[in-house]
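Close look at the chain arrangement
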Amino acid sequence: RGGEFAAARQRYLAAVKTGLQDVNLFYNLGNACFKSEHLGEAVLWYERSLRLDRRDEDVLANLRFARRVKRDQDPEDDGEGIYGLYLWPTLNELFVATSLGLIGLFITACWRLWRRPGLPARIVVVSLSVWVVGAGVFTGTRLQRQLTLTEAVVLVEEGTARSGPESAQTPVFVVHEGTKVVVERREDGWLLVRLANGLGGWLPAKDVAII
């Protein structure tokens, strides 16, 4: 509020180094980075904040604005539509939903053992079984996505992706600060990254930060 954005950025970074994982901390750090003209870092911390809470309206609004002012524009439907619905529940919520279904199924099964089986009990058991299987599969796909998909943000003003992990290799494309990429491989201080349009190339690892 006092306009000391550079100083605020350093204080927030010091707090992050303690290992604290907090939506508000990452959000405010993103704001401090944006105001102190570190656009790539701002996008990075907004993205990290969304990893903790994808439905935070303040974070979503500021990330949309940061995406509009950066040089490389993202696809219009990024994070929206069916894919957005797929990412809407958090992993914690999915684990809770699966656990509740398992508990309900166990209680219903015990009730059937102690009382005469009837149609209502069978309906409950079938419904809960469908719930548990569906929630379990959905949770599994989300967990696998989180474990296998590595995303990063470009921090330098301009980075040149090359055909191989050496500075002497042929330039393939140029990316700018704030661009989000998917990391596919690491080798000798280089990262093989892929853009949303499918184009791939090698960038120096120091030019990007993993979300």
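All residue numbers refer to positions counted from 1 along the written sequence of the respective chain. Restriction of local features to residues with pLDDT of at least 70 applies here, the model being predicted, together with a cutoff of 80 or more for giving and counting side-chain atom pairs; totals for whole chains, interfaces and linings are based on all residues. Hydrogens are left out, water is left out, and the side-chain values use all remaining heavy atoms of the structure.

**Here's the deal with the overall build of the chain**
Cut-off, in case you're wondering: Note on conventions: DSSP H or I runs of at least 4 residues are helices, E runs of at least 2 residues are strands, and numbering of each starts at the N terminus. Type-normalised accessible area, obtained with a 1.4 Å probe on protein chains alone, sets the label of each residue: buried when under 20%, exposed when over 50%, and partly exposed for intermediate values. The accessible surface values rely on the Shrake-Rupley method and a 1.4 Å probe; as for residues, cover is taken only from the protein chains in view.
Secondary structure summary: the chain contains seven helices and seven strands in total. From first element to last, N terminus to C terminus, the chain shows the α and β order α-α-α-α-α-α-α-β-β-β-β-β-β-β. In the chain, which comprises 211 residues, the share counted as buried stands at 36%. Accessible surface for the chain amounts to roughly 13000 Å². Of this, 57% is attributable to carbon and sulfur atoms.

**Looking at a nonpolar patch on the surface**
So the rule is basically this: Patch membership requires more than 30% relative accessible area and the absence of a salt bridge. Residues of like charge join within 9 Å; the nonpolar side chains Val, Leu, Ile, Met, Phe, Trp and Tyr join within 5 Å. Salt bridges are counted wherever a side-chain nitrogen of Lys or Arg sits within 4 Å of a carboxyl oxygen of Asp or Glu.
The grouping of Val96, Leu100, Ile103, Phe106 and Ile107 at the surface amounts to a nonpolar patch, some 530 Å² of accessible area in total. Mapped onto the elements, Leu100 comes out in helix 6 (residues 91-114). Overall, Leu100 belongs to the exposed group, its relative accessible area being 56%.

**A few points about the environment of Lys70**
Let me state the cut-off plainly: Note on contacts: a residue pair qualifies if any of its non-hydrogen atoms lie within 4.5 Å across the two residues. Any pair of nitrogen or oxygen atoms within 3.5 Å is treated as a polar contact; in protein, a donor-acceptor pairing is required on top of that, and neighbouring residues in sequence qualify only through side-chain atoms on both sides.
Within the secondary structure, Lys70 is located in the loop between helix 4 (57-69) and helix 5 (81-87). Contact partners of Lys70, with chain neighbours within four places excluded, come to Leu39, Glu177, Gly178 and Thr179. Side-chain polar atoms of Lys70 contact the backbone oxygen of Asp72, separated by 2.2 Å.

**Some points on the side chain of Thr139**
You can see Thr139 is positioned in helix 7 (residues 119-148). Thr139 gets classed as buried once you look at its relative accessible area, which sits at 5%. Sequence-distant contacts of Thr139, defined by excluding residues within four places in its chain, comprise Leu91, Leu94, Phe95 and Thr98.

**What about the pairing of strand 5 (residues 190-194)?**
Selection criterion: Between any two strands, pairing holds if DSSP finds at least two bridges.
Summarising burial for strand 5: four of the five residues are buried, a large majority. As defined by bridge partners, strand 4 (residues 180-187) adjoins strand 5 across five bridges and the pair is classed as antiparallel. Directly across from Arg185, in strand 5, lies its bridge partner Leu192. What sits between strand 4 and strand 5 in their antiparallel hairpin is a turn of two residues, with Asp188 showing a positive phi close to 50°. Relative to strand 6 (residues 200-204), strand 5 runs antiparallel, the two being bridged by five bridges. Counterpart to Leu192 in the pairing with strand 6 is Trp202. Once strand 5 ends, the chain turns through five residues before running back antiparallel as strand 6, passing Gly198 with a positive phi of about 95°.

Honestly, it's all geometry; don't read function into it.
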